[in-house]
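Next come the chains, spelled out residue by residue.
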Amino acid sequence: MSSSFTLDQIQALIPTLNQIPLLPTCSLPIFSIGAGSIVNSSHLPAYQLVKFQVHGIYDPNQDAAKKTAEKFHIPTVFNSLNELILSAEKEPTKVIYDIATPATEISNILKQLPNNSFALVQKPMGETLEQAREIRRLCKEKNLHIGINFQLRYAPQMLAAKDLLKRGVLGKKLTTIEIHVNTHTPFENWKFLEKVTHMELTYHSIHYIDLIRDILSPWEPTSVQCHSCKHINQPNLDTVRTHLSLTYGNNDPQLFVTIHTNHFHIWGIQYANSYLKIEGTEGVLRAQMGLQLEYGDQRDQDRLELCTNEMRGEWIEIPLEGNRFPNSFVGPMASIMRMAQGESKEILTSEDDALKTMTVVEAAYRSTLNRTKIEYDS
């Protein structure tokens, strides 16, 4: 006899699903380092949603910093990083540094932060595993408490999906995790990406690798097989397409995990795709990641749909409390604030956890170069 959830049971369950990360009892002052597009489109709008206060901002591009400060009512624009740090140290409470710069600049900024500081660092954790290890070394040396901004984990649809998994709605065993992205991403808008080796893995698929690690925690993959390559019409970018598979031989050799991305689908939305699918013995979840379908167009909303064996092909859509952009950016900052105030014992995307994601990315690099499967050691 099937033990899967019926439609009536699912409908009763939906209003109780968690879609909001744990928030701190009190907000701490935020000092922003960087005023680029991700700060304006996601960091600051997310903080406004939950009334996190940004006390000041610095960017080498002073015009960008001033425009951002005016738009989001940030009281102080600093002329230098040192000026920002000196002001932050005068605050009567702990503060959070929000670092949103190219990954190659992270180590230099961390060196300048006071010992025992708390910081949110925009992903990736450096552009190579070597840089990631240097960041981790600095954190241990200076007792810095950082979280890497792997915010996809905190999107409302992903929090709801993980809650459904925790409650056993898909059955006792997962069988398949598939991420499929076939869209047009305007990477040409970010010129610094032209210098990045294995750009697609480092700046895009890294999100999916981290999400899968989160979903399957505490399991870690035992091998990685990857093919990531350029596109003839995007000659300035190292890679824009990836096909990657992960195996979990120590826990479930039959679990099928794949990531497929193609960022050069320029032929409209009709046949574009951007979804996560999770199959279990008793059901399936499909999460549409909407913003990527027409990049930056909020008309394409996130969606989460579910079907169980008992529902016999009838799918139900789960109402979402917001979209990945900007809602998911609340979670990483909230995690750091809670840890800073003693409300939790760890930052969930800490340098230690993020290093494991970077290690999978490094294994994917090596697999692409060697055209072979790489055994992964966390």
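Residues numbered from 1 in each chain as written. Predicted model: local features only at pLDDT ≥ 70, side-chain atom pairs only at ≥ 80, totals over all residues. Heavy atoms only, no water.

- The protein is annotated in an unreviewed UniProt entry as Oxidoreductase from Rotaria sordida.
- Under the Sequence similarities (unreviewed entry) heading, UniProt states for the protein: "Belongs to the Gfo/Idh/MocA family." (UniProt positions renumbered as here; feature names shortened; annotations may be inferred.)

1. Section: the overall build of the protein
Point 1. When helices and strands are tallied, the protein shows 11 helices and 14 strands.
Point 2. Against the globule reference of 21 Å for 378 residues, the protein gives a C-alpha radius of gyration of 21 Å, in line with a compact fold.
Point 3. Its C-alpha atoms give the protein principal-axis dimensions of about 65 × 50 × 40 Å.
Point 4. Out of the 378 residues belonging to the protein, those deemed buried represent 57%.
Point 5. The long-range fraction of contacts in the protein, counting pairs at least 24 apart against all pairs at least 6 apart in sequence, stands at 71%. (Helix = DSSP H or I, 4+ residues; strand = E, 2+ residues; numbered from the N terminus. Rg over C-alpha atoms; globule rule 2.2 N^0.38 Å. Buried < 20%, exposed > 50% of the residue type's maximum accessible area, 1.4 Å probe, protein only. Contact = heavy atoms within 4.5 Å.)

2. Things to note about the UniProt feature "domain: Gfo/Idh/MocA-like oxidoreductase N-terminal" (unreviewed entry) in the protein
Point 1. Here, UniProt's "domain: Gfo/Idh/MocA-like oxidoreductase N-terminal" (unreviewed entry) annotation points to residues 33-149.
Point 2. Strand forms 15% of residues 33-149 and helix 46%; the C-alpha atoms that close the span are 14 Å apart.

3. Structural notes on the sheet that holds strand β4 (residues 118-121)
Point 1. Here we have five strands laid out as an open sheet, ordered β2-β1-β3-β4-β5, and parallel in their pairing. Each edge of the sheet is formed by a strand with only one pairing partner; in this case those strands are β2 (54-58) and β5 (145-148). Geometrically, the sheet is characterised by an average inter-axis angle of 20 degrees between neighbouring strands, direction not taken into account.
Point 2. Here β4 pairs with β5 via four bridges, running parallel. Bridge pairing in β5 links L120 to G147. (Pairing = 2+ DSSP bridges. Axes fitted to C-alpha atoms, helices over the stretch in contact; angles between N-to-C directions.)

4. Points about the nonpolar core
Point 1. Y97 and L110 are the most contacted members of the largest nonpolar core, which has 89 residues in total.
Point 2. Considering every element that reaches this core, the biggest residue donor is helix α8 (residues 199-216), with 10 residues.
Point 3. Residue contributions to this core reach at least three from each of two domains, namely domain 1 (29-152 + 330-350) and domain 2 (153-323 + 359-375).
Point 4. When residues no more than four places from it in sequence are discounted, the contact partners of Y97 are F31, I33, L84, I85, A88, E89, L113, P114, S117, F118, A119 and L120.
Point 5. Counting residues in each nonpolar core, the second largest holds 27 residues, with V54, I96, F329 and M333 among its members. (Core = buried A, V, L, I, M, F, W, Y, C linked by side-chain atoms within 4.5 Å. Domains from an automatic or database assignment.)

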